[in-house]
Amino acid sequence: MENLLIVDGHNLLFQMFYGMPSRIFGRNGQAIQAVVGFTGALLKVIKNIQASYVVVLFDGEKGSYRVDENIEYKGNRKKYTDTADDDNPFLQLVDIKRVLNFLEIKYFEIIERVETDDVVASYVATLKERYNIYILSTDTDFMQLVNNNVKVLVYRGKKSKIYDIDTVIERYGIAPQYFADYKSLIGDPSDNIIGIRGIGPKTAKKLIDKLGHIEDIIKNADLIENDSIRSSIQKNTEMLLANIKLIKLSQKTEIPFEIEALQIKNFDDYKTIEILRHIKLI
């Protein structure tokens, strides 16, 4: 099967903006370190996994429907409205899109009140039987999508890691299909989701191993031998159901491009610096 690369655009933008070793400035004095890092990482990953298709997805400005479920959802994220230009990663997004246009790589900014994660999940649901899919992101929410044909690629340069079924089990102790349940129990600080008090990774794993998904854990809570854990589950049923609703990705979101539109052009010979010169950034 051919390989499809799905890029979590804002995730890679932030990773490169804050992860590059020093500030890099373009010909007009503007900061471009995120553009440089984004371009270099994208080219390396495409080459390393031998991708035949690629799409880059960016979150939109309308926010997420999940905020309607929980006003605190992602409420811990930094706001950039009053941030100085050189400290604002979003200002480099325009030049990243220029790079993608030059490379003829399709990208899409989410219009509706869904998240990039949901569009990725819908691509996976649509194409997982016909293509090997690599999701480029450090967001662990995508671990719930991993299966025989779907992998998560965490880019760290030479220390990059690909998570398949075995790697997810090795790292977290649970199979990918239980990952949303696992996070619902322990919480997810990155999204400002609070877990059940007294339940950490080890306890969550034991509950999942014994009882299965969140709905099964709630239904069969009386089988939990530990009194405090059983009581905690029974007292926090609504919280658990709310958490799983926030964390589980929707696979029913409309996808912006059909697979044929995502076929990449031959740009193996391009280097990052050459691309930036072509679009007159340096």
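Note that the structure is predicted; figures quoted are calculated from it, not measured. (Residues numbered from 1 in each chain as written. Predicted model: local features only at pLDDT ≥ 70, side-chain atom pairs only at ≥ 80, totals over all residues. Heavy atoms only, no water.)

*Asks:* Looking at this structure, how should I read the environment of I273?
*Replies:* Tracing the chain through its elements places I273 in helix α12 (residues 272–278). We classify I273 as partly exposed; its relative accessible area is 43%. Along the chain, I273 and Q144 lie 129 residues apart, while their C-alpha atoms are 36 Å from each other. (Helix = DSSP H or I, 4+ residues; strand = E, 2+ residues; numbered from the N terminus. Buried < 20%, exposed > 50% of the residue type's maximum accessible area, 1.4 Å probe, protein only.)

*Asks:* Teacher, can you tell me more about the nonpolar core here?
*Replies:* Ranked by internal contacts, the top residues of the largest apolar core, which has 53 residues, are Y123, I133, L145, L185 and I233. Among the elements that line this core, the one with the most residues is helix α5 (residues 116–127), at six residues. The contacts of Y123, once residues within four sequence positions are left out, are I6, V55, L57, K128, I133, I255, P256, F257 and L262. (Core = buried A, V, L, I, M, F, W, Y, C linked by side-chain atoms within 4.5 Å. Contact = heavy atoms within 4.5 Å.)

*Asks:* Can you walk me through the pattern of salt bridges in this structure?
*Replies:* Here the idea is simple: oppositely charged side chains can pair when their charged atoms come close. Under the counting rule described, the total for this entry stands at six salt bridges. Of the charged contacts, one joins D95 and R98 as a salt bridge, the two residues approaching to 3.0 Å between their closest N and O atoms. Here D95 and its partner R98 are both found in helix α4 (residues 93–103), three residues apart, which amounts to about one turn of the helix. Given the relative accessible area of 10%, D95 is considered buried. Judged by relative accessible area, R98 falls into the partly exposed class, the value being 33%. Each of D141, K183 and D188 takes part in a single network of salt bridges with overlapping partners. (Salt bridge = Lys/Arg side-chain N within 4 Å of Asp/Glu carboxyl O.)

*Asks:* Looking at this model, I keep getting lost on unusual backbone geometry. Mind explaining?
*Replies:* Peptide bonds are mostly trans, and most non-glycine residues show a negative phi. Even without being glycine, Q50 reaches a positive phi, approximately 55 degrees. For Q50, the position within the fold is in the loop between α2 (33–49) and β2 (53–58). We note that E104 has phi near 60 degrees; this positive angle belongs to a residue other than glycine. With respect to the helices and strands, the residue E104 is situated in the loop between α4 and β3 (106–109).

*Asks:* Would you mind going over the sheet that holds strand β6 (residues 161–163) with me for this structure?
*Replies:* Sheets are built from strands paired through backbone hydrogen bonds, the pairs being either parallel or antiparallel. If you walk across this open sheet you meet the six strands as β3-β2-β1-β4-β5-β6, and the pairing is mixed. The outermost strands of the open sheet, each flanked by one partner alone, are β3 and β6. The average undirected angle you get between the axes of adjacent strands in this sheet is 25 degrees. Inspection of the sheet shows strand β5 (residues 150–154) paired to β6 by three bridges, in the antiparallel sense. In the strand pairing of β6, V152 is matched with Y163. (Pairing = 2+ DSSP bridges. Axes fitted to C-alpha atoms, helices over the stretch in contact; angles between N-to-C directions.)

*Asks:* Where do I start with helix α1 (residues 9–19) in this structure?
*Replies:* One full turn of an α-helix is made of 3.6 residues, so residues set three or four places apart face in the same direction. Among the 11 residues of α1, eight are classified as buried, and the element is accordingly described as predominantly covered. Among the residues of α1, G9, H10, N11, L12, L13, Q15, M16 and F17 are the ones counted as buried. Check the buried side of α1 and you find it contacts β1 (3–8), α2, β2, α4 and β4 (132–136).

Keep in mind these numbers describe shape, not what the thing actually does.
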